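# Structural features, examined
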Amino acid sequence: MKQVNGRQSEYRAVKFTAEMREAENGQQKMILRGYPILFNTPTKVYDFWYGEVTETILPTALDGVNLDEVCLLVGHNANMILGRNRVNMRLEIDETGLFMECELPATQCARDTYVLVEMGIMDGMSFGFNSEDRVNPETLTRTITHFSEVYEVTITPFPAYKETVVMATDGKTDDKKPVTPQEKLAEEIQNTINSWEE
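Heads up: these notes are all about the structure in this document. (Residues numbered from 1 in each chain as written. Predicted model: local features only at pLDDT ≥ 70, side-chain atom pairs only at ≥ 80, totals over all residues. Heavy atoms only, no water.)

## Digging into helix α1 (residues 108-119)
Along an α-helix, residues three or four positions apart point the same way, because every turn accommodates 3.6 residues. For the record, the criterion: Only runs of H or I of at least four residues qualify as helices and only runs of E of at least two qualify as strands under DSSP, and these elements are numbered from the N terminus. To estimate the expected span of a helix, count its residues, drop one, and scale the result by 1.5 Å. Per-residue accessibility, obtained with a 1.4 Å probe over protein chains only, is compared with the maximum for each type, and a residue is labelled buried under 20%, exposed over 50%, and partly exposed between these values. Think of it as the arc spanned by the lines of direction from the helix axis to the C-beta atoms.
When the terminal C-alpha atoms of α1 are compared, their 17 Å separation across 12 residues agrees well with the 16 Å that a helix rising 1.5 Å per residue should span. Regarding α1, the residues found buried are Ala110, Thr113, Tyr114 and Val117. Looking straight down α1, one finds its buried side chains confined to an arc of 105°; they lie on one side. Downstream of α1 by one or two residues, Gly120 has phi in the positive range, about 85°.

Spelled out as structure tokens, the structure:
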């Protein structure tokens, strides 16, 4: 938790992918996709007052939350901005969580970040939020029923969620049945979570 613009802010991390796509003019587009927020995924996180606690985000957490101004950053650094919702990024709530897709701009920061993601060096995604939901001191659990605000998603090498893994793809799929990138990513996230439970 840290102070941002006079407010207490919290961060969590999850999974995303990188893809190179050809534009109409023949140039390559750099695409990042992921789920900055996963629903119903109990995760061990650190709380300033209670130490390690188990946190779960419910599907109701994003109900009525305005995501219009959410930005994509690198390392929670507002000077390293890669995208903004409804400009070069889209956000969509589904049964898995919050899905993000961003077409990166032609900046050096974006190119460097894309390469780090593609190589697996930058291996996590996080988000900044505020919530009134608190830790239950008896069970050391926190159930997030609603976010007061979600103001940024970020790419980071230090994800809070243990099941976070970053993958780079070329946009091709080996599956016989056609699936959207969103469905494929949701399946990969579930497989990762299942492997942690084995």
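Back to the write-up after that little detour.
## Some details on unusual backbone geometry
The phi dihedral of Asn40 falls on the positive side, at around 50°, and the residue is not glycine. Following the sequence through the fold, Asn40 ends up in the loop between β3 (28-38) and β4 (43-47). Within the chain, Arg86 stands out as a residue other than glycine whose phi angle is a positive 75°. Look at Arg86 and you get exposed, because its relative accessible area is 64%.

## Remarks on the pattern of salt bridges
We apply this condition: Salt bridges are defined as contacts in which a side-chain nitrogen from Lys or Arg sits within 4 Å of a carboxyl oxygen from Asp or Glu.
This structure, assessed with the given rule, holds 7 salt bridges. The salt bridge partner of Arg84 is Glu69, with a shortest N-O separation of 3.0 Å. Of this pair, Arg84 sits in strand β7 (residues 77-84) while Glu69 sits in the loop between β5 (51-57) and β6 (71-74), and the two are 15 residues apart along the sequence. Residue Arg84 is classed as partly exposed on the basis of its relative accessible area, which comes to 32%. On the basis of relative accessible area, Glu69 is assigned to the exposed category, the value being 54%. Through salt bridges with shared partners, a single network forms among Arg33, Arg90, Glu92 and Glu101.

## A closer look at the packing of aromatic side chains
Test applied: Stacked, tilted and edge-to-face are the three classes applied to pairs of Phe, Tyr and Trp rings, where Trp contributes its six-membered ring and a pair requires centres within 6.5 Å; stacked means planes under 30 degrees apart, edge-to-face means over 60, and tilted covers the rest.
Tallied over the entire structure, the rule returns 5 aromatic pairs. Seen from their ring centres, Phe48 and Trp49 are 4.9 Å apart, and the 90° between their planes marks the pair as edge-to-face. Pair check on accessibility: Phe48 and Trp49 agree, each one exposed. Look at Phe127 and Phe147: their rings are 5.8 Å apart centre to centre, the planes differ by 80°, and that puts the pair in the edge-to-face class. With a gap of 20 residues between them, Phe127 in strand β10 (residues 124-130) and Phe147 in the loop between β11 (141-144) and β12 (149-156) connect regions that are remote in the sequence. The pair Phe127 / Phe147 is uniform in exposure class, with both members buried.

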